[in-house]
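The residues making up each chain are set out below.
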Amino acid sequence: MSSQNLPQSPDQEPRKPRVAVVFGGRSSEHGISVVTAGAVMRAIDREKYDVLPIGITLDGRWVLAADEPDRMAITDRRVPNVEQLTDASEASVVLSVDPGNREVVYSEPGSVPKALGEVDVVFPVLHGPYGEDGTLQGLLELSGVPYVGAGVLSSAVGQDKEYMKRVFTSFGLPVGPYLVVRPREWAADPSAARKRIVDFAGEHGWPLFVKPARGGSSMGITKVNDLSGLDEAIEEAQRHDPKVLVESLLTGREIECGVLEFEDGPRASVPAEIPPVSAHDFYDFEAKYIDSAAGIVPAPLTAEQTAELQRLAVAAFDAASCEGLVRADFFLQDNGEFVINEINTMPGFTPISMYPRMWQESGVSYPELVDLLVQAALRRSTGLR
């Protein structure tokens, strides 16, 4: 769909496409989603698009949020939340699941529901479960509303690191050693699960990284140096996800690459390198968002290394059937080989996020990046494609 095809009355100017920016959500990454939304809303071209901010509270309620991007930033090392951006504590908004009706309806207890108009495209900037994992994408497919980013399957694959790695392996992409601890296994026989992990460490060595299988923003991740810290690390990961991923340490340089969907297909950005952070044991949440660890853009790679990395990033995008955008994270090992760590189907768009920085260095400014993503979504239909 394009702006030329939008409905209009004969005596009115053609209306601008309406973009609903949906953010917040029920995951532990709620606050970073709000920060990302603020950056997107600040950058979107208001002469070209109408913007409707929709927040999802931590308990899952959809609300009409204030269109005040400056309030959606990290302040005094604290991340914001949706509740700070809405005045009506009991009001809610609802998106119809009727594909013939794209209206958003606002309702308050004791009042007649009010239609807020149609939504032409949704820009979902939720991170983690209940938003980035295919759940919101499924709702939007039922509603018949185009949206930015990956579809249901690729969102789910991109969120679940176990199945992400399985997909990559099936396409011949290089992944590092890992094992999965399922919740039933840990609850029924933790000794057996612990032995599996110890055997894994015996083969691949300590330290190990213990993380939520379906998390992001480096939350819930622990670097475990020996058996004594294992149970605590698993408990920390399970605070975010009952399924736990255990990975061996991959030595080498951390390299990232952005993939963006253009009209002629996906293209890769210049890469970035995440240098070692002396104040942090690894590139964790604090380093990413609070202490603003600086990445090197572009990464100091040879032309051959850059070309190979970009090839692998686009191959990962295609392997998971992604759309719109992806940030692909790699390790460049000491032997010169790349290993893909993970992809992120909705990478952070905070002012210090690596994805927009890589595209800025590639010649695509932040506002242009937002526009390209919205236009790509408007070109796509919902449903099978």
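Residues numbered from 1 in each chain as written. Predicted model: local features only at pLDDT ≥ 70, side-chain atom pairs only at ≥ 80, totals over all residues. Heavy atoms only, no water.

K.L.:
What should I look at first to understand the overall build of the protein chain in this one?
P.N.:
Helix and strand counts for the protein chain come out as 11 helices and 16 strands. Taken over C-alpha atoms, the radius of gyration comes to 21 Å for the protein chain, in line with the 21 Å a tight globule of 385 residues would show. The dimensions of the protein chain, computed from C-alpha atoms along their principal axes, are 75 × 50 × 45 Å. The 385 residues of the protein chain split such that 54% are buried. In the protein chain, the share of contacts with a sequence separation of at least 24, taken over all contacts with a separation of at least 6, comes to 66%. (Helix = DSSP H or I, 4+ residues; strand = E, 2+ residues; numbered from the N terminus. Rg over C-alpha atoms; globule rule 2.2 N^0.38 Å. Buried < 20%, exposed > 50% of the residue type's maximum accessible area, 1.4 Å probe, protein only. Contact = heavy atoms within 4.5 Å.)

K.L.:
Looking at this structure, how should I read the nonpolar core?
P.N.:
Soluble globular proteins tend to pack their nonpolar side chains together in the buried interior. Ranked by internal contacts, the top residues of the largest apolar core, which has 36 residues, are Val21, Phe23, Phe123 and Phe349. Here this core takes 7 residues from helix H11 (residues 366–379), the largest share from any one element. Judged by nonpolar contacts, the second largest core, of 26 residues, contains Cys257, Ala313, Cys322 and Ile343. (Core = buried A, V, L, I, M, F, W, Y, C linked by side-chain atoms within 4.5 Å.)

K.L.:
Would you mind showing me how to read the layout of surface pockets here?
P.N.:
Unfilled space is identified by rolling a water-sized probe across the atoms. One number sums up the size of the second largest pocket: a volume of about 160 Å³. Lining the second largest pocket are Gly25, Arg26, Ile56, Gly60, Trp62, Leu126, Tyr130, Gly131, Thr135, Leu136 and Leu139. Its residues assigned to classes, the lining of the second largest pocket shows 6 nonpolar, 4 polar and 1 charged. (1 Å grid on protein atoms, 1.4 Å probe; cavity = no way out; pocket = protein on both sides within 12 Å on 5 of 7 lines; lining within 4 Å. Points joined across faces, edges and corners; volume = space filled by probe spheres on them. Nonpolar A, V, L, I, M, F, W, Y, C, P; charged D, E, K, R; others polar.)

K.L.:
In this structure, what is going on with the confidence of the model for the protein chain? I would like to understand it.
P.N.:
Close reading of the predicted structure is inappropriate where its pLDDT is low. Scored by pLDDT, the protein chain comes out at a mean of 90, with 91% of its residues at no less than 70. Every residue in residues 1–11 is under pLDDT 50, and counting partners more than four places away or in other chains gives 13 contacts. (pLDDT = per-residue confidence, 0-100.)

K.L.:
Help me out: how do you make sense of the packing of aromatic side chains in this one?
P.N.:
For any pair of aromatic rings, the description consists of the separation of the ring centres together with the inter-plane angle of the planes. Evaluated as defined, the whole model comprises 5 aromatic pairs. Each ring, one from Phe349 and one from Tyr355, has its centre 5.9 Å from the other, and the planes form 50°; the classification is tilted. Residue classification places Phe349 among the buried residues on the basis of a relative accessible area of 0%. Taken together, a centroid distance of 5.8 Å and an interplanar angle of 70° make the contact between Phe349 and Tyr366 edge-to-face. Here Phe349 is found in the loop between strand E16 (338–344) and helix H10 (354–361), whereas its partner Tyr366 is found in helix H11, with 17 residues between them in sequence. For the pair Phe349 and Tyr366, a shared accessibility class is recorded, and that class is buried. Through a chain of ring-to-ring contacts, three or more aromatic side chains come together here, namely Phe123, Phe349, Tyr355 and Tyr366. Arg26 extends its terminal NZ or CZ atom over the ring of Tyr130, reaching a point 4.0 Å from the ring centre. Of note, Lys165 hangs over the ring of Tyr178, and the distance from its end group to the ring centre comes to 5.6 Å. (Phe/Tyr/Trp six-rings, centres within 6.5 Å; stacked < 30°, edge-to-face > 60°. Lys NZ or Arg CZ within 6 Å of the ring centre and 35° of its normal.)

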